[in-house]
Amino acid sequence: MANFKPLNHHRNSSPLLPFFSLLLTLSSLTTASNNSPMYSPTDSGPVVPTDPLITFLERLQLTALNTFGSKNYDPKHYVDLSLKHHLSETQLAFDDLPKSSTGSVSAVDLNGFITSYFNGAGEDLVYAEPPDFVPEPEGFLPAVENPVVREWALEVHKLWKNLSRRVDAGVFEHPELHTLLPLSKSVVVPGSRFREVYYWDSYWVIRGLLVSKMYDTAKGIVSNLISLRDEFGFVLNGARKYYTNRSQPPLLSAMVYAIYSRTGDMDFARKSLPALLKEHHFWNSGFHSVTILDAEGCSRTLSRYYAMWNKPRPESSTIDMGTASKLSNASEKQHLYRELASGAETGWDFSSRWMRNASDLTTLATTSIIPVDLNAFILQMELNIAFLAKVTGDRITAARFLEAAEARKLAMNSVFWNEEMGQWLDYWISDKTTSKDDYTWVASNQNRNIFASNFIPLSVELFNSDLKLVEKVRQSLQRSGLIRAVGIATSLTNSGQQWDFPNGWAPIQHLIVEGLVRSGSKEAKSLAKDIAARWIRTNYVFYKKTNTMSEKYDVEKCGEYGGGGEYVPQSGFGWSNGVVLAFLEEFGWPKDLKIDC
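Calculation notes
- Residues numbered from 1 in each chain as written.
- Predicted model: local features only at pLDDT ≥ 70, side-chain atom pairs only at ≥ 80, totals over all residues.
- Heavy atoms only, no water.
- Helix = DSSP H or I, 4+ residues; strand = E, 2+ residues; numbered from the N terminus.
- Pairing = 2+ DSSP bridges.
- Salt bridge = Lys/Arg side-chain N within 4 Å of Asp/Glu carboxyl O.
- Axes fitted to C-alpha atoms, helices over the stretch in contact; angles between N-to-C directions.
- Parallel < 35°, antiparallel > 145°, perpendicular 65-115°, else oblique.
- Left-handed = near helix turned anticlockwise from the far one by under 90°.
- Contact = heavy atoms within 4.5 Å.
- Nonpolar A, V, L, I, M, F, W, Y, C, P; charged D, E, K, R; others polar.
- Buried < 20%, exposed > 50% of the residue type's maximum accessible area, 1.4 Å probe, protein only.
- Polar contact = N/O pair within 3.5 Å; in protein donor to acceptor, adjacent residues only side chain to side chain.

## Looking at unusual backbone geometry
No. 1: Residue Phe 350 follows Asp 349 across a cis peptide bond; omega there is 5 degrees.
No. 2: Position of Phe 350 among the secondary structure elements: in the loop between α13 (330-345) and β8 (369-370).
No. 3: Omega for the peptide link from Phe 501 to Pro 502 comes to 5 degrees, which places this bond in the cis form.
No. 4: In this structure, Asn 72 takes a positive phi of about 60 degrees despite not being glycine.
No. 5: In this fold, Asn 72 is placed in the loop between α2 (52-68) and α3 (75-79).
No. 6: The phi torsion at Ser 192 lies on the positive side, around 55 degrees, for a residue other than glycine.

As structure tokens, this is what we get:
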């Protein structure tokens, strides 16, 4: 696919200003559509109920954009505010604000209203000292011999304290005043605008916490996620009311497996298993499940992302309405909104990987794609459940999930594997098919564009234990163009979206490196060590310049953060910290090896 010039969606240079009047009209249409049918010719599937508080905060969000403009504007800020008074009282005061003939509110009046009626974003999460944190844990990173690297690793370790929070008592007492969801255990947040716990981020946070010997904190995170699963039927994207319409890459079983492997806590494994069974069912039922008749005439069942939402994402409502303003009718917009929410469910929000045209976000088609990495995660889930069931004495469940894993492996090889390229490729299904059950495999529906996700199945033992396959995939990765100066690029397409070139992300580095290093191939392990060293260096150099860790990095430039997407780069940062610590534990750092670029 050809490279495109970056599309600038940073909040300090938003393209939305010309749309202010249009957006006010769109807001009315969106509110009216709450009573429209859940299904339309271009959109099908469930829509979860809308929370009245969120609906109101979206109005505030839109008014703030209209009043203050796009400079330093972050729509998420407004849906993270909590009320000081009841919603009805707050709405009346908002409706009584003096308005101009065009319906706008002055900055003085709006600022005064926000100060009087709201607590600050994030104030309902308060600092919590993690009880299992010590400045230098016993046996911490023994293979890191370089004193400079060791000192930095201890600084990264200390960031867990900075990111540790607990939900304020007020959220439990008056949940109707907050979009934050009450969680009983302390949390570790990613950082910056991401003030709440997130699903797939938590896996790499936990991997880092395990290096830091913070086992109780890690178990508390899993306990929180299980409580969300029990309340809502699945693990939410994040712990906010506006995330109840979608999940994120399903790594709950991987968290439980990692903690059990480190601690041997049988009671923890036993108590977690029922939630893992229900999580597996969620991803293998309803609209998430897709059956394909493969080239041999065999039925293969795989999974896709599919959000339960066809309206603007509340945390990005004004941005989504601006994107949808390019479309001509309400049903097309509903369809786009579901694709945007489903794109957010992937964790890759957003990428040319989900788009029919890499320069046009309105061509997002997430629900028409069966993703390689999602099915690798579910395959690993099946293996993890089988293992945990076996060690806790449930041999029937263990046997059932080993069988399910073998079936998914065959399905992945049948639908995704491309022998010529030596990669697993996402598969596009037709969105014109009337039934979700009558898809027939066609070779041309494989997406032959190169993405880092094409190599993620290597992280699963059923694949990385095959030395011949590992060697083929390793060579393909080295030829792919994805390995750059300081890490693995997410794609080769510079679309301006943040999950595209030249950005590299910690979870992608870790998944691919771990797959290579777990194989029995000497060449694969050598490549893994090289990629990890490049990634560690860029994190180190960036930290020394800024005293922060970034959520993403430019893989072309050592020590530079990544860009693109719909918000400015964030620091903190949970999964970056976790992956650096995991890499240093796996590979160490020799005394005489230079760390600077």
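The structure having been displayed, the exposition proceeds.
## Comments concerning the sheet that holds strand β7 (residues 299-303)
No. 1: Across the sheet, which stays open at both edges, the three strands sit in the order β7-β6-β12 with mixed pairing between neighbours. A single partner strand is all that each edge strand has here, and the edge strands are β7 and β12 (439-440).
No. 2: The sheet contact formed by strand β6 (residues 289-293) and β7 spans five bridges and is antiparallel. In the sheet register, Val 290 faces β7, and the bridge partner there is Leu 302.

## Some details on the pattern of salt bridges
No. 1: Summed over the entire model, instances satisfying the criterion amount to 30 salt bridges.
No. 2: A salt bridge links Lys 271 to Asp 267; the shortest N-O distance between them is 3.2 Å. You can see Lys 271 and its partner Asp 267 sitting in helix α11 (residues 266-283), four residues apart, about one turn around the helix.

## Focus on the sheet that holds strand β5 (residues 187-188)
Strand pairing in a sheet is mediated by backbone hydrogen bonds. Such pairs are either parallel or antiparallel.
No. 1: If you trace the three strands from one edge of the open sheet to the other, you get β3-β4-β5, paired in antiparallel fashion. Edge positions in the sheet fall to β3 (125-127) and β5, since each of these pairs with one other strand and no more.
No. 2: Pairing of strand β4 (residues 164-167) with β5, which is carried by two bridges, proceeds in the antiparallel orientation. Paired with Ser 164 across the two strands is Val 188, which belongs to β5.

## A look at the packing of helix α18 (residues 506-518) against helix α19 (residues 522-546)
No. 1: Where α18 contacts α19, the two axes come as close as 8 Å, and the packing angle between them is 155 degrees. The angle between the axes of α18 and α19 places the two elements in the roughly antiparallel class. Of the two elements, α18 crosses α19, and the hand of that crossing is left-handed. Note on element contacts: α19 touches α18 through Ala 524, Lys 525, Leu 527, Ala 528, Ile 531, Ala 532 and Trp 535, opposite Ala 506, Gln 509, Val 513, Leu 516 and Val 517.
No. 2: Residues that form the contact of α18 with α19 fall into these classes: ten nonpolar, one polar and one charged.

## Some details on helix α12 (residues 317-324)
No. 1: By the criterion of burial, α12 is predominantly enclosed, with eight of the eight residues buried.
No. 2: Along α12, the positions that sit buried rather than exposed are Ser 317, Thr 318, Ile 319, Asp 320, Met 321, Gly 322, Thr 323 and Ala 324.

## Digging into the side chain of Arg 313
No. 1: Topologically, Arg 313 is positioned in the loop between β7 and α12.
No. 2: At 2.7 Å, the side chain of Arg 313 and the side chain of Asp 320 are in polar contact.
No. 3: Among the polar contacts listed, one links the side chain of Arg 313 to the side chain of Glu 566, at a separation of 3.1 Å.
No. 4: In this view, Arg 313 contacts Arg 246, Asp 320, Leu 340, Ala 341, Ala 344, Phe 350 and Glu 566; residues no more than four positions away in its chain are not counted.

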